[in-house]
Amino acid sequence: MLQIDNLHATVADKPILNGLTLQVNAGEVHAIMGPNGAGKSTLAYTLGGRPGYEVTDGSVTLNGQDLLALDPHERAAAGLFLGFQYPVEIPGVSNVQFLREALNSQRRARGEAPLTGGEFLKLAREKAALLKLDMDMLKRQVNVGFSGGEKKRAEMVQMGILDPAVAILDETDSGLDIDALRVVGDGINAIMRRPDKAVVLITHYQRLLDYVRPDFVHILSKGRIIKTGGPELALELEEHGYEAVAA
Amino acid sequence: MTLDMPTQHDEEWRYADIASLAGVALDNWTDITVAAGEEHRQCLLLEAAAPEVLRLRVNVEQGARCAIFAVNAASDYARLEVEVVLGQGAHFELGGVTIGGGDATREIVTRVRHAGQGSTSHQVVRSVHWAQATGNFLGRIEVAREGQQADAAQDFKGLLLTRGASANARPELEIFADDVKCAHGASIGQLDESARFYMAARGISPEAAKALLVQAFIADALAALDDEAEHERLLGVALASLEGAAL
């Protein structure tokens, strides 16, 4: 489904990703763990197409389509969802307006009919209930005044509404207390644990993996995947630290 | 009566497009009196394709309220000038937007005189320009000796969408009373890059993202306009000028 081959990327001319290869099949959950500065967030932003993240070599395809040839908004329409470590506040734009515009832009790009206001609200209400997010929150401005937990919950509601094929979730667990972690974990399972979808969880810690059990755990170091294993690898990391396990 | 042509040396015309003034009637003042206790609201659109100077002289008597909402989206030089005298306990509200591209200068100039005790004024101006266009706001607040307990607020924000566009803000206070509140703020910036990428990552095209962000930016200026139809009309004119703009 998502095929990353020998990906090299630079930020401000500094090489961060140095030949990263990863194959993610439909129905799989992959966790990417690694120390600070390993290139975890760079991987997420590079896949999302953020300006300033230059691909210098390698390829990425999503369902056979060359992802790197697409603009960021086209990547989203092609089925990629990027969960942000720090969701951005957009004063003056309501979540409802933002998400309806996003969903209908994607639908138009795929040649589908846009949803009416009523159809969209019904969908939003359903997904908000799934993530235990108050519908009133969706009427508020995008992420403005949201707590860390609310922002991540709102991200999951966005994911539920946009219904992507592949989600790259960049430290979705950061800033969450235990209750919020469970809600977000349940949300990822409910929305993305399906035979036709895949998830790449980028995380520092093993605790989110208690709720979302990965099929594969990869250790990222200096811009490459240096070790791959099952869920036990995450526990090993938690116990012994990156240095010992990666050695 | 003949009027002297203003020059760039006149403070109030300092940023104006003087060359465009030839042949423009400068003495077309409109006088408005809002009688004691009355309310007056006026919505103005400047959308002419030829240079235009619109001048209002408003006398707001004791306890009366005057609200002016204006969108200056002209394709040539256009200036809205409002001179206000506030009686005891009177209120003046201004919501102004200047928006557009090309090489036009669009400006709003106000002089608000708090002549009576306890009078209040609230001015919000938003300026959005691109290409070689210029947006100006010159706002003068005077509090007379008799204007004790005056409360005046003035807020200007400029948004420059492309290199080459400019905005000028000149707040000016002249206060002769000692028990007054006068607040003013002015800032000029660009679209938030992180918000633009966040929108793109959710599938919103760069054009739609820009329109949403501009709409959010100018919303403050029209926030006090509670007539929904008028609100839509003014917002519509402001946003229409964005459509088809080469940004």
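Located above this text is the structure these notes cover.
Nothing here was measured: the structure is a model prediction, and the numbers come from that model.

So, on to the overall build of chain B. On a plain count of helices and strands, chain B comes out with 3 helices and 12 strands. Against the 2.2 N^0.38 benchmark of 18 Å for 247 residues, chain B shows a C-alpha radius of gyration of 18 Å, consistent with a compact globule. C-alpha extents for chain B along the principal axes are approximately 55 × 40 × 30 Å. Going through the 247 residues of chain B one by one, you find that 42% of them count as buried. A fraction of 82% describes how many contacts in chain B between residues 6 or more apart in sequence connect residues 24 or more apart.

Looking only at helices and strands, chain A has 8 helices and 12 strands in total. The C-alpha extent of chain A, read off along each of the three principal axes, is 55 × 40 × 35 Å. In chain A, 71% of the contacts between residues at least 6 apart in sequence involve partners at least 24 apart.

Attention now moves to the pairing of strand S2 (residues 14–24) of chain A. All names here are of chain A. Sheet topology note: the strand S1 (residues 2–11)/S2 ladder contains 8 bridges and is antiparallel. Of the residues in S2, the one forming a bridge with Ile4 is Leu22. Between S1 and S2, which pair antiparallel in sequence order, lie 2 residues; one of them, Ala12, sits at a positive phi of approximately 50°.

Residues and elements named next belong to chain A. Here we have 6 strands laid out as an open sheet, ordered S6-S9-S10-S3-S11-S12, and mixed in their pairing. Strands with a single pairing partner mark the edges of an open sheet, and in this sheet they are strand S6 (80–83) and strand S12 (224–229). The mean inter-strand angle of the sheet, taken between neighbouring strand axes irrespective of direction, is 20°. Inspection of the sheet shows strand S3 (residues 29–33) paired to strand S11 (residues 216–221) by 4 bridges, in the parallel sense. Looking across to S11, one finds that Ile32 is bridged to His218.

Residue and element names in this part refer to chain B. The 6 strands lie next to each other as S2-S4-S6-S8-S10-S12, forming an open sheet whose pairing is parallel. Strands with a single pairing partner mark the edges of an open sheet, and in this sheet they are strand S2 (39–46) and strand S12 (181–189). Neighbouring strand axes in the sheet, compared pairwise and without regard to direction, differ in orientation by 5° on average. In this sheet, S12 lies alongside strand S10 (residues 151–160) in parallel orientation, the contact comprising 9 bridges. Bridge pairing in S12 links Leu159 to Gly189. Sitting on the sheet, helix H2 (residues 206–222) touches strand S4 (65–72), strand S6 (91–100), strand S8 (120–129) and S10, and the angle it makes with S8 is about 160°. Sheet strands touched by helix H3 (residues 228–240): S2, S4 and S6. Its angle to S4, the strand with the most contacts, is close to 30°.

The next subject is the interface of chain B and chain A. The partner chain A presents 20 residues to the 15 residues of chain B that form the contact. Looking at the side of chain B that touches chain A, the elements with two or more residues in it are helix H1 (193–201) and H2 of chain B. It is H1 of chain B that contributes the most residues to the side of chain B that touches chain A, 6 residues altogether.

Attention shifts here to the environment of Tyr45 of chain A. Here Tyr45 of chain A lies in helix H1 (residues 40–48). For the pair Tyr45 of chain A and Asp170 of chain A, spaced 125 residues apart in sequence, the C-alpha to C-alpha distance is 9.0 Å.

One can expect most non-glycine residues to show negative phi and most peptide bonds to be in trans. For Glu171 of chain A, which is not glycine, the phi torsion reads 45° and is therefore positive. One can find Glu171 of chain A in the loop between strand S9 (166–170) and helix H7 (178–192). Take Glu171 of chain A: there are 21 C-beta atoms within 10 Å of it, and that puts it in the buried class. One non-glycine residue with positive phi stands out, namely Gln149 of chain B, at about 60°. Along the chain, the position of Gln149 of chain B falls in the loop between strand S9 (134–143) and S10. You can call Gln149 of chain B partly exposed: it has 17 C-beta atoms within 10 Å.

Below, the discussion takes up the nonpolar core. Considering soluble globular proteins, one finds that nonpolar side chains tend to be buried as a cluster. In terms of nonpolar packing, the biggest core is built from 136 residues, with Leu80, Val199 and Leu201 of chain A together with Val60 of chain B touching the most fellow members. At 8 residues, the largest contribution of residues to this core is made by H2 of chain B. Apart from the residues lying within four places of it in its own chain, the contact partners of Val60 of chain B are Val34, Cys66, Val84, Val85, Leu86, Gly87, Ala90 and Phe92 of chain B.

All names here are of chain B. For H1, the buried fraction is high: 7 of the 9 residues fall into the buried class. Regarding H1, the residues found buried are Ala195, Arg196, Phe197, Tyr198, Met199, Ala200 and Ala201. Gly203 sits one or two positions beyond H1 and adopts a positive phi of about 100°.

Let's shift gears to the packing of H2 of chain B against H3 of chain B. Residue and element names in this part refer to chain B. At their nearest, the axes of H2 and H3 sit 11 Å apart, and the two run at 135° to each other. In terms of orientation, H2 lies oblique with respect to H3. For the pair H2 and H3, the crossing hand works out as right-handed. On the side of H2, the interface is formed by Ala211, Gln215, Ile218 and Leu222, while H3 contributes His231, Leu234, Leu235, Ala238 and Leu239. Residues that form the contact of H2 with H3 fall into these classes: 7 nonpolar, 2 polar and no charged.

The subject of this paragraph is the packing of H1 of chain B against H2 of chain B. All names here are of chain B. Between H1 and H2, the least distance of the axes is 9 Å, while the angle of their chain directions is 130°. Comparing their axes, H2 and H1 come out oblique. The way H1 lies across H2 gives a crossing that is right-handed. Where H1 approaches H2, its residues Ala195, Arg196, Met199 and Ala200 are matched on the opposing element by Pro206, Ala209 and Leu213. In terms of residue class, the contact of H1 with H2 is made up of 6 nonpolar, no polar and 1 charged.

Criteria and cut-off values
What you see as residue numbers is a count from 1 along each chain, following the sequence as written. Chains carry letters from A onward and ligands carry numbers from 1 onward, assigned in written order. Selection of residues for local features in this predicted model requires a pLDDT of at least 70, selection of side-chain atom pairs for listing and counting requires 80 or more, and totals for whole chains, interfaces and linings are taken over all residues. Starting at the N terminus, helices and strands are each numbered in turn, a helix being any DSSP run of H or I of at least four residues and a strand any DSSP run of E of at least two. To get the radius of gyration, use the C-alpha atoms; to get the globule rule, take the number of residues to the power 0.38 and multiply by 2.2 Å. Three exposure classes are used. Buried residues have 20 or more other C-beta atoms within 10 Å of their own C-beta, exposed residues have 12 or fewer, and partly exposed residues fall in between, all C-beta atoms being placed from the backbone. Residue pairs qualify as contacts under a 7 Å threshold applied to their C-beta atoms, which are placed from the backbone. Being paired, for any two strands, means DSSP has found at least two bridges between them. Geometry is summarised by axes, namely lines fitted to C-alpha atoms with helices restricted to the contacting stretch, and by angles between N-to-C directions that run from 0 to 180 degrees. Working definition: the nonpolar core is a set of buried Ala, Val, Leu, Ile, Met, Phe, Trp, Tyr and Cys residues, joined through C-beta atoms within 7 Å. The labels follow the angle: roughly parallel below 35 degrees, roughly antiparallel above 145, roughly perpendicular from 65 to 115, and oblique for the rest. For any pair of crossing helices, the crossing counts as left-handed if the nearer helix is rotated counterclockwise from the farther one by less than a right angle, and right-handed if it is rotated clockwise. In the scheme used here, Gly and all other residues not listed as nonpolar or charged are polar, with Ala, Val, Leu, Ile, Met, Phe, Trp, Tyr, Cys and Pro taken as nonpolar and Asp, Glu, Lys and Arg as charged.

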